[in-house]
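# Coordinate inspection notes
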Amino acid sequence: MTEVHAVTTRMQRESGILYHFRDHLPLTDRTPMLSLHEGGTPLVHAPRLAAWVGVPELYLKYEGLNPTGSFKDRGMVLAVARAVEDGARAVLCASTGNTAASAAAYAAHAGIRSIVLLPAGRVAAGKLAQAVIYGADVVTVDGSFDHALALALNASRKFDLALVNSVNPARIEGQTTAAYEICDALGDAPPVLALPVGNGGNITAYWLGFRRALEHGRATRLPRILGVQAEGAAPFVHGAPVEHPDTVATAIRIGRPATWEPAIRAAQDSGGAFRAVSDEAILEAYRAIAAHEGIFCEPASAASVAGLRAAVRAGAIDAAQQCVCILTGSGLKDPDTAVANVEIGAPIDMNDVEYIGRLI
Ligand code: AN7
């Protein structure tokens with residue numbers, strides 16, 4: 001083995017959340033230590049966006065820098081590893097897109113098959129492209145995500161397939177690692193944490209992670225958690241399922257969340273709340289995050305910033321505090337939404353240098 005090879009092999013072996021958080025995750029001697037170098041995402045200081053939101057100090061946890069471009073990789077690496085350990089030859093999930101991309105990638109990396117059920121016509125282009133190219137069996141369902149999830153639950157029972165939706169406890173366990181990383185980066189838990197909520201898995205995982213961080217002395221306090229939903233898909237805000245969920249933030253176009261009670265407890269027990277924001281407010285925040293901080297997230301992720309801004313303006317939270325917003329996915333997942341309302345002018349003459357001068 002060459003020296004370079006030895007170093008890169010070690011880097012691979014000692015990467016990812018299974019290795020880094022091995023003392024905090026449900027691993028056994030037989031769990032394959034899969035890694036695509038997930039986790040370890042940056043917590044970006046965002047002073048210009050803080051002024052726009054109306055808070056003194058704001059950080060963005062940019063989960064779009066995970067290997068498949070979303071936070072799902074943290075839970076998926078563990079869920080797929082446990083499935084492999086249990087002898088599964090295939091994993092199954094329903095998805096608004098990111099779970100499917102992540103499941104397909106980790107299944108490919110582990111050498112097993114993946115079957116992903118997607119709501120027909122409502123999955124962002126990048127996510128669909130990922131699922132296809134990672135080699136998943138992509139099945140579109142004539143219905144919403146909620147129908148696809150019901151079908152996945154049914155099929156997983158009937159055919160004894162490893163379901164890797166967030167009803168799988170390994171998904172939640174893996175996703176707790178983001179809370180540890182935030183505590184380690186800030187030296188404590190932040191007073192306020194805002195994140196987008198769809199199925200309710202991630203808010204459940206963060207609350208569990210912060211409580212464990214407190215127990216282990218990684219933090220001295222717990223954050224208030226603000227769960228943000230899109231107005232057209234806000235079952236946690238209404239306290240009841242939504243029959244026909246709709247929003248530009250297709251990742252969180254979910255009317256019947258799979259994780260209900262634990263998600264509600266996360267908001268309530270933390271002294272936080274759920275809040276709904278309009279699609280206009282989501283897109284405004286989506287542009288502001290990119291323009292003020294140079295970070296391109298997907299629309300669902302921008303709901304966290306839109307919700308925090310709305311809560312500050314409504315006087316619903318004490319604004320004089322350090323805040324963290326979770327940017328759950330990369331903007332490159334959904335290029336169509338970015339360019340939907342942009343007119344690019346006709347090509348200019350190749351010698352028209354004066355055109356550039358007129359721009360400044
Ligand atoms: C970017 O991929 O449900 O409340 O099937 O992709 O844990 O569901 C995605 C959810 C937030 C909401 N931000 O998290 C799926 C899926 C992004 C997401 C959420 C999702 P949960």
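Described below are features of the structure shown in this document. Everything numeric in this text was worked out from a predicted model, so none of it was measured.

## Thoughts on the overall build of the protein chain
Along the protein chain, the regular secondary structure elements total 16 helices and ten strands. Relative to the compact-globule value of 21 Å for 360 residues, the protein chain shows a C-alpha radius of gyration of 21 Å, a close match. With respect to the three principal axes, the spread of C-alpha positions in the protein chain is 65 × 55 × 55 Å. Here the protein chain holds 360 residues, and 55% of them are scored as buried. Partitioning the contacts of the protein chain with sequence separation of at least 6, the portion at a separation of at least 24 is 71%. For the protein chain, the accessible surface area stands at approximately 15800 Å², while carbon and sulfur atoms represent 53% of it. Computed over 30 positive and 36 negative side-chain charges, the separation of the two mean positions in the protein chain equals 5 Å.

## A few points about the site of the ligand
Close to the ligand lie 20 residues, the nearest being Asn98, Thr99, Asn199, Asn202 and Thr328. Between the ligand and glycine 200, the relevant distance is 2.9 Å, taken from an oxygen atom to a main-chain nitrogen or oxygen of the residue. One of the backbone N or O atoms of asparagine 202 is found 2.8 Å from an oxygen atom in the ligand. Here the ligand, which alone exposes 470 Å², has 99% of that area covered by the protein. When residues of the shell around the ligand are traced back to their parent elements, those giving at least two are helix 5 (98-110) and helix 10 (201-215). The residue makeup of the shell around the ligand, split by class, is seven nonpolar, eleven polar and two charged.

## So, the pairing of strand 5 (residues 137-141)
In the sheet, strand 4 (residues 113-119) pairs with strand 5 via five bridges, with the strands oriented parallel. Bridge pairing in strand 5 places isoleucine 115 opposite aspartate 137. Taking the sense of rotation as the criterion, the β-α-β connection linking strand 4, helix 6 (residues 125-133) and strand 5 turns out right-handed.

## Some words on the packing of helix 13 (residues 279-293) against helix 14 (residues 299-313)
The contact between helix 13 and helix 14 brings their axes to 7 Å, and the two run at 100 degrees. What the angle tells us is that helix 13 and helix 14 run roughly perpendicular. Residue-level contacts link Ala281, Ile282, Glu284, Ala285, Tyr286 and Ile289 of helix 13 to Pro299, Ala302, Ala303, Val305, Ala306 and Arg309 of helix 14. Per-class residue counts for the contact of helix 13 with helix 14 are ten nonpolar, no polar and two charged.

## Notes on the side chain of asparagine 66
Mapped onto the fold, asparagine 66 is located in the loop between strand 2 (57-62) and helix 4 (72-85). Only 3.0 Å separates the side chain of asparagine 66 from the backbone oxygen of glutamate 63, close enough to count as a polar contact. With sequence-adjacent residues up to four places away left out, asparagine 66 is seen in contact with Glu38, Gly39, Thr41, Phe71, Asp73 and Arg74.

## As for the packing of aromatic side chains
Ring pairs (aromatic) are described by centroid distance and by the angle formed between their planes. Taken as a whole and assessed by the stated rule, the structure comprises five aromatic pairs. Considering the side-chain rings of phenylalanine 21 and tyrosine 180, the 5.6 Å spacing of their centres and the 40 degrees angle between planes classify their relative orientation as tilted. In this pair, phenylalanine 21 is assigned in the loop between helix 2 (16-20) and strand 1 (43-45) and tyrosine 180 in helix 9 (residues 177-186), connecting sequence segments 159 residues apart. The buried category is assigned to phenylalanine 21, whose relative accessible area is 6%. Judged by relative accessible area, which is 0%, tyrosine 180 ranks as buried.

Conventions used here
Residues numbered from 1 in each chain as written. Predicted model: local features only at pLDDT ≥ 70, side-chain atom pairs only at ≥ 80, totals over all residues. Heavy atoms only, no water. Helix = DSSP H or I, 4+ residues; strand = E, 2+ residues; numbered from the N terminus. Rg over C-alpha atoms; globule rule 2.2 N^0.38 Å. Buried < 20%, exposed > 50% of the residue type's maximum accessible area, 1.4 Å probe, protein only. Contact = heavy atoms within 4.5 Å. Areas by Shrake-Rupley, 256 points an atom, 1.4 Å probe, with all protein chains shown as cover. Lys, Arg positive; Asp, Glu negative; His and termini not counted. Charge placed at Lys NZ, Arg CZ, Asp CG, Glu CD. Near = heavy atom within 4 Å. Polar contact = N/O pair within 3.5 Å; in protein donor to acceptor, adjacent residues only side chain to side chain. Nonpolar A, V, L, I, M, F, W, Y, C, P; charged D, E, K, R; others polar. Pairing = 2+ DSSP bridges. Right-handed = clockwise from strand over helix to strand, strands pointing away. Axes fitted to C-alpha atoms, helices over the stretch in contact; angles between N-to-C directions. Parallel < 35°, antiparallel > 145°, perpendicular 65-115°, else oblique. Phe/Tyr/Trp six-rings, centres within 6.5 Å; stacked < 30°, edge-to-face > 60°.

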